[in-house]
Amino acid sequence: MRKASIFSGAFLLSSIVPALALDPTGDWRVADGVANVRVAQCNGDMWGVIAWEKEPGGRDTNNPDPSKRNRPTLGMPILLDMKKKPGTDQWEGQVYNAKDGQTYSSTIKPTDSNHLEIQGCVLGFLCGGETWTRVAPPIPSNPANSMAKGGPPRSSAPQTAPNPPRTTGAATSPAQKHASGHPNDPVGDICLLPDVAGLAH
């Protein structure tokens, strides 16, 4: 009888206490291992950029915009403006595929603390997906990105960022070291990259 009451008490407690939400931020190795994608929450939405390449020096040669075909793929946004679906650990937005220069409707969803599932569809069909593996821990909130963990919205007025993007010879900030786990991180805080800061709204 005592066992039954302990079991029912544990069951009630587990049904009352909500499961901790899984955090999609951090660095993720793509399925074929050729790149890492850094995911961060920038002004309330999830964004992801190329943070590491197996073969450095890639260019966005298939971009439909000729002015972008020479831009480096390192630091290039591929998860665009992903918005959280209410009541789920899932975000919806767009994914840019540099292999064909096309942008697709997409969702991301952590399946556990070390795996992120990404799905992409063309016009609602021809859907496919893959699973990425975590290679760096979740990214904590910082003053330049107060929306990351539910802080007050950032002002739309220009601000001086406390952790500017790293340039050659510059010291790497603690936030940048944490974001990649590597002291020579060329990407740093993705929310401060021009391609993200200029597009995020």
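See the structure above.
A. Structural context of the overall build of the protein chain. Counting its secondary structure elements, the protein chain contains 3 helices and 8 strands. When its helices and strands are written in sequence order, the protein chain yields α-β-β-β-β-β-β-β-β-α-α. Considering the protein chain as a whole, with its 201 residues, one finds that 36% of them fall into the buried category. Taking as baseline every contact in the protein chain between residues at least 6 positions apart, the subset at least 24 positions apart corresponds to 46%. Accessible surface, the protein chain as shown: approximately 11600 Å² in total, 60% of it carbon and sulfur.

B. Summary view of the state of the cysteines. Counting across every chain of the model gives 2 disulfides. The residue that forms a disulfide with cysteine 42 is cysteine 191, at a sulfur-sulfur distance of 2.1 Å. Given an S-S torsion of about -85°, the disulfide between cysteine 42 and cysteine 191 has left-handed geometry. Residue cysteine 42 is located in strand S2 (residues 35–42), and its partner cysteine 191 is located in the loop between helix H2 (174–180) and helix H3 (194–197); the two are separated by 149 residues in the primary sequence. With its sulfur 2.0 Å from that of its partner, cysteine 121 forms a disulfide with cysteine 127.

C. Quick look at the sheet that holds strand S3 (residues 45–53). Reading around the circumference, S1-S2-S3-S4-S5-S6-S7-S8 is the order of the 8 strands in this closed barrel, with antiparallel pairing throughout. The mean angle between the axes of side-by-side strands here comes to 30°, regardless of whether they run parallel or antiparallel. Pairing between strand S6 (residues 102–112) and strand S7 (residues 115–122): 7 bridges, direction antiparallel. Note on S7: the bridge partner recorded for serine 106 is glycine 120.

D. Quick peek at the nonpolar core. Val37, Cys42, Ile78, Leu79, Ile108, Trp132 and Ile190 are the most contacted members of the largest nonpolar core, which has 31 residues in total. Broken down by secondary-structure element, the contributors of at least two residues to this core are S2, S3, strand S4 (77–84), strand S5 (91–97), S6 and S7.

E. Structural detail: the pairing of S3. Summarising burial for S3: 8 of the 9 residues are buried, a large majority. Inspection of the sheet shows S2 paired to S3 by 8 bridges, in the antiparallel sense. By the bridge assignment, glutamine 41 is partnered in S3 with methionine 46. Remark: 2 residues form the turn of the hairpin made by S2 and S3, two consecutive strands paired antiparallel; asparagine 43 in that turn has positive phi of roughly 55°. Bridge count for S3 against S4 is 3 bridges, and the pairing is antiparallel. Looking across to S4, one finds that valine 49 is bridged to proline 77.

F. Geometry of the environment of threonine 88. Along the chain, threonine 88 turns up in the loop between S4 and S5. Exposure remark for threonine 88: the relative accessible area of 27% places this residue in the partly exposed category. Through-space distance from the C-alpha of threonine 88 to that of leucine 22 is 9.9 Å; in sequence the pair is 66 residues apart.

G. Geometry of the packing of aromatic side chains. Summed over the entire model, instances satisfying the criterion amount to 0 aromatic pairs. When the ring centre of tyrosine 96 is taken as origin, the NZ or CZ atom of arginine 71, which lies over that ring, is 5.9 Å away. A cation over an aromatic ring shows up here: lysine 84 above the ring of tryptophan 91, its NZ or CZ 5.3 Å from the ring centre.

H. Structural view of the environment of glutamine 119. Considering the arrangement of structural elements, one finds glutamine 119 in strand S7. On the basis of relative accessible area, glutamine 119 is assigned to the partly exposed category, the value being 30%. Here the alpha-carbon distance between glutamine 119 and glutamine 94, two residues 25 residues apart in the chain, equals 9.9 Å. Not counting residues within four places of it along the chain, the set of residues in contact with glutamine 119 comprises Ser105, Ser106, Thr107, Gly128 and Gly129.

Calculation rules
- Residues numbered from 1 in each chain as written.
- Predicted model: local features only at pLDDT ≥ 70, side-chain atom pairs only at ≥ 80, totals over all residues.
- Heavy atoms only, no water.
- Helix = DSSP H or I, 4+ residues; strand = E, 2+ residues; numbered from the N terminus.
- Buried < 20%, exposed > 50% of the residue type's maximum accessible area, 1.4 Å probe, protein only.
- Contact = heavy atoms within 4.5 Å.
- Areas by Shrake-Rupley, 256 points an atom, 1.4 Å probe, with all protein chains shown as cover.
- Disulfide = S-S within 2.5 Å.
- Pairing = 2+ DSSP bridges.
- Axes fitted to C-alpha atoms, helices over the stretch in contact; angles between N-to-C directions.
- Core = buried A, V, L, I, M, F, W, Y, C linked by side-chain atoms within 4.5 Å.
- Phe/Tyr/Trp six-rings, centres within 6.5 Å; stacked < 30°, edge-to-face > 60°.
- Lys NZ or Arg CZ within 6 Å of the ring centre and 35° of its normal.

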